[in-house]
Amino acid sequence: MDRIRIVGGNALNGIIPISGAKNAALPLMIASLLTSDTLTLENVPHLADVEGLIRILGNHGVDIAVNGRREHQDGSYSRTVHFTCRTVADTTAPYELVSKMRASFWVIGPLLAREGQARVSLPGGCAIGTRPVDLFIEGLTALGAEMEIDGGYINAKAPKGGLIGARYTFPKVSVGATHVMLMAASLARGTTVIGNAAREPEVVDLANCLNAMGAKISGAGTSTIKIEGVTSLSGARHRVLPDRIETGTYAMAVAMTGGDVTLSGTDITLLDTAIEAIRRAGAEVSAVEGGIRVIGHGDQIRPVDIVTEPFPGFPTDLQAQFMGLMTRANGVSHVTETIFENRFMHVQELARLGAKITLSGQTARIEGVTRLRGAPVMATDLRASVSLVIAGLAAEGETMVSRVYHLDRGFERLEEKLTRCGAIVERITD
Ligand code: UD1
């Protein structure tokens, strides 16, 4: 199993190209199930989760053609992938596949809308909390589907003639359930109005792509989304939006190590709340042409309290990284997690590097230390593992991060991007 070896202490200087967003690419790829035409996605990141979903979609009958990557001057790649689902080969998403990647559960929306039925395995447990699917069931039931749980699977059936538009308000904000409702309601008869919808940029990206395919969606990015159903969708060409989590992660890394880095191919407006927190911590962050410039001052990190919230609040997917940054602040800070109930597994591992963190319920109290010391650490989930990388970049000596497959799920060519900016980071393949 691969490991990442980091020798900390170097400032980061240079350009880091930001990839297409994993969390946008996954629902966009799933949207290809809604049409028999070709959906072409540009800027698709090369990540384990994307490759995994390509295999899953293949199982449902999607033909996939990947156009070679092109290298640009700043080191970035651009990958275009064509998805064509002439006919749906299988409306079942089996346990073996769904349990590996929760997002693959989302195929339930397009399969139900296009084929009138779907049998999808319940995703099962997940390292960062229970993550139930009640909101998906409620939402699709509101569109007229019969939803029945049987032997670990959800059997979903649309009424004769297809799903029916409806008004439905989520009791709780869910990104995944909002994606699924957008896809399902696009092919429903009549108009659907979703209340308390997720406002994440990835939801807007999916709505834009669906509209390019012929859907009639308005209000994405606000908490009320209106979808006028259409009888069929066509192909389209769409560019995946930049990854705001990768953007914030590298911005925090620079704030931690010091240095001057331009994050290219990204957009500062995708992560206002996180940028504000990074600025309050003492780094200079500004919008520049085609990206964001971050100037960090390493040793002079100020303590900042954050609370994770649905967009536009501070993203839960940047919580672990921000905690990594706060381990070296000049004082005490608090990080409160409100989205997932068990998303503090990085605390124990950060402590191995010398961080002083105490947990009380959903809040972590972080007492900044003047130095961290490298140590062997273990990644437990995607975002937790990259927080260990950030801490390792600022720690004295060697940090060895094991279980790197978590990182590979969501960070494209991480070691290469950091090495180009002066960090000592290498992948060790045993
Ligand atoms: C997506 C992102 C994930 C991010 C999360 C929150 C992808 C692939 N994943 O996950 O990286 O951390 O948004 O921004 O895009 N919930 C229910 N019932 C449901 C569905 C969700 O109670 O039926 C709860 C969850 O347990 C959680 C909260 O709602 O507490 C938010 O979950 P949700 O927004 O659905 O997260 P995901 O879409 O799984």
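Worth saying up front: this structure is predicted, and the values here are computed from it rather than measured. (Residues numbered from 1 in each chain as written. Predicted model: local features only at pLDDT ≥ 70, side-chain atom pairs only at ≥ 80, totals over all residues. Heavy atoms only, no water.)

Draft legend 1. Representation of the pattern of salt bridges. Counting across every chain of the model gives 22 salt bridges. One salt bridge connects Asp430 with Arg3, and the closest N-O pair in it is separated by 3.0 Å. You can see Asp430 sitting in the segment after strand S24 (424-428) and its partner Arg3 sitting in strand S1 (residues 3-7), a full 427 residues away along the chain. Arg3 sits in the partly exposed class, given a relative accessible area of 27%. For Glu415, the salt bridge identified is with Arg427, shortest N-O distance 2.7 Å. Of the two residues, Glu415 is situated in helix H14 (residues 414-419) and Arg427 in strand S24; the sequence distance between them amounts to 12 residues. Among the charged side chains, a salt-bridge network with shared partners connects Asp2, Asp408, Glu415 and Arg427. (Salt bridge = Lys/Arg side-chain N within 4 Å of Asp/Glu carboxyl O. Helix = DSSP H or I, 4+ residues; strand = E, 2+ residues; numbered from the N terminus. Buried < 20%, exposed > 50% of the residue type's maximum accessible area, 1.4 Å probe, protein only.)

Draft legend 2. Structural detail: helix H4 (residues 108-115). When you tally the buried positions in H4, you get six out of eight residues, the bulk of the element. If you check which residues of H4 are buried, you get Ile108, Gly109, Pro110, Leu111, Leu112 and Ala113. Elements that come into contact with the buried residues of H4 comprise helix H1 (22-30), strand S7 (117-121), helix H5 (134-142), strand S8 (146-150), strand S9 (153-157) and helix H6 (175-186). Gly116 occupies a position one or two residues after H4 and carries a positive phi of about 80°. (Contact = heavy atoms within 4.5 Å.)

Draft legend 3. Layout of the sheet that holds strand S13 (residues 225-228). Taken in spatial order, the four strands make up an open sheet running S10-S11-S13-S12, and their pairing is mixed. Here the strands that pair on one side only, and so sit at the sheet edges, are strand S10 (167-169) and strand S12 (216-218). Pairs of neighbouring strands in the sheet enclose a mean axial angle of 15°, with direction left out of account. Summarising the sheet, S12 and S13 pair through three bridges and their orientation is antiparallel. Bridge assignment links Ser218 to a residue of S13, and that residue is Lys226. On the sheet, H6 packs against S10, strand S11 (191-195), S12 and S13 and is oriented at approximately 25° with respect to S13. (Pairing = 2+ DSSP bridges. Axes fitted to C-alpha atoms, helices over the stretch in contact; angles between N-to-C directions.)

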